[in-house]
Amino acid sequence: MAYEKKIPVDLDCPLRLTMSLIESKWKSCILDELRSGKPMRPSEIHKCLPEATPRVLDIQMKEMVADGLITKTIFAELPPRSEYQITELGESLLPIIDSMLHWGKEHFDIFERKYGKNNT
């Protein structure tokens, strides 16, 4: 069961609306992994983000499918197989993610001070 927000999203604030789609810890990372357009199996995405538990990734991918950011294709074969792929809507968020990546690289010293050089 997905987490349901107690406070409704403010439809008058474009920033809050955008954040409501990518605010979870791993959603922007999932979009970044899918950016090539090549479909990926859930296990491939899990391997790319080993710090995240498979359950959390699966929940967030399910939410992203519901929001239209990615698609899930289930193949009718035994054993069942599924793949995720970024949608046009998901691709439209990539410039925002690119800006976040650029900002993080430019201000890496902040993270070194906060987390330490050996604490990655």
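Summary of the structure given here. Only a predicted model underlies this, so the values are computations on that prediction, with no experimental measurement involved.

1. Digging into unusual backbone geometry
Part 1: At the junction of Leu 78 and Pro 79, the peptide bond is cis and its omega measures out at -10 degrees in the coordinates.
Part 2: Its place among the elements puts Pro 79 in the loop between strand S1 (70-75) and strand S2 (81-86).

2. A look at the packing of helix H6 (residues 94-106) against helix H7 (residues 108-115)
Part 1: At a closest axis distance of 4 Å, the pairing of H6 and H7 adopts a crossing angle of 65 degrees. The orientation of H6 with respect to H7, classified from their angle, is roughly perpendicular. Each of Trp 103, Gly 104, Lys 105 and Glu 106 in H6 lies in contact with H7, whose residues at this interface are Phe 108, Asp 109, Ile 110 and Phe 111.
Part 2: Along the lines of polarity and charge, the residues of the contact of H6 with H7 split into four nonpolar, one polar and three charged.

3. As for the environment of Ile 30
Part 1: For Ile 30, the position within the fold is in helix H2 (residues 27-34).
Part 2: Taking the C-alpha atoms as reference points, Ile 30 and Arg 16, separated by 14 residues in sequence, lie 20 Å from one another.
Part 3: Leaving out residues up to four positions away in the same chain, Ile 30 has contacts with Ile 45, Leu 49, Leu 57, Gln 60, Met 61 and Met 64.

4. Thoughts on the nonpolar core
Part 1: Ile 30, Leu 31, Leu 34, Ile 45, Leu 57, Met 61 and Ile 70 are the most contacted members of the largest nonpolar core, which totals 19 residues.
Part 2: With near-sequence residues (within four places) excluded, Leu 34 lies in contact with Met 40, Ile 45, Ile 70, Tyr 84, Gln 85 and Ile 86.

5. So, a nonpolar patch on the surface
Part 1: A contiguous nonpolar patch, built from Val 9, Leu 11 and Leu 17 and spanning about 260 Å² of accessible area, is present on the exposed surface.
Part 2: When you line up the elements, Leu 17 lands in helix H1 (residues 14-22).

6. Some remarks on the side chain of Lys 27
Part 1: Looking at the secondary structure, you find Lys 27 in helix H2.
Part 2: Overall, Lys 27 belongs to the buried group, its relative accessible area being 3%.
Part 3: Reaching out from Lys 27, the side chain makes a polar contact with the side chain of Glu 63 at a distance of 2.9 Å.

7. What about the pairing of S2?
Part 1: Across six bridges, S1 lies against S2 in antiparallel orientation. Within S2, the residue paired with Thr 73 across the bridge is Glu 83.
Part 2: Between S1 and S2, which pair antiparallel and follow one another directly, the connecting turn spans five residues.

8. So, the packing of aromatic side chains
Part 1: By the definition in use, this model includes one aromatic pair.
Part 2: Centre to centre, the rings of Trp 103 and Phe 111 are 6.2 Å apart; their planes meet at 75 degrees, and the pair counts as edge-to-face.
Part 3: Here Trp 103 falls in the partly exposed class, since its relative accessible area comes to 43%.
Part 4: Using a relative accessible area of 30% as the deciding quantity, one classes Phe 111 as partly exposed.
Part 5: A cation sits over an aromatic face here: Arg 81 above Phe 75, 3.9 Å from the ring centre.

The rules behind these values
- Residues numbered from 1 in each chain as written.
- Predicted model: local features only at pLDDT ≥ 70, side-chain atom pairs only at ≥ 80, totals over all residues.
- Heavy atoms only, no water.
- Helix = DSSP H or I, 4+ residues; strand = E, 2+ residues; numbered from the N terminus.
- Axes fitted to C-alpha atoms, helices over the stretch in contact; angles between N-to-C directions.
- Parallel < 35°, antiparallel > 145°, perpendicular 65-115°, else oblique.
- Contact = heavy atoms within 4.5 Å.
- Nonpolar A, V, L, I, M, F, W, Y, C, P; charged D, E, K, R; others polar.
- Core = buried A, V, L, I, M, F, W, Y, C linked by side-chain atoms within 4.5 Å.
- Buried < 20%, exposed > 50% of the residue type's maximum accessible area, 1.4 Å probe, protein only.
- Patch = residues over 30% accessible without salt bridge, like charges linked within 9 Å, V, L, I, M, F, W, Y side chains within 5 Å.
- Areas by Shrake-Rupley, 256 points an atom, 1.4 Å probe, with all protein chains shown as cover.
- Salt bridge = Lys/Arg side-chain N within 4 Å of Asp/Glu carboxyl O.
- Polar contact = N/O pair within 3.5 Å; in protein donor to acceptor, adjacent residues only side chain to side chain.
- Pairing = 2+ DSSP bridges.
- Phe/Tyr/Trp six-rings, centres within 6.5 Å; stacked < 30°, edge-to-face > 60°.
- Lys NZ or Arg CZ within 6 Å of the ring centre and 35° of its normal.

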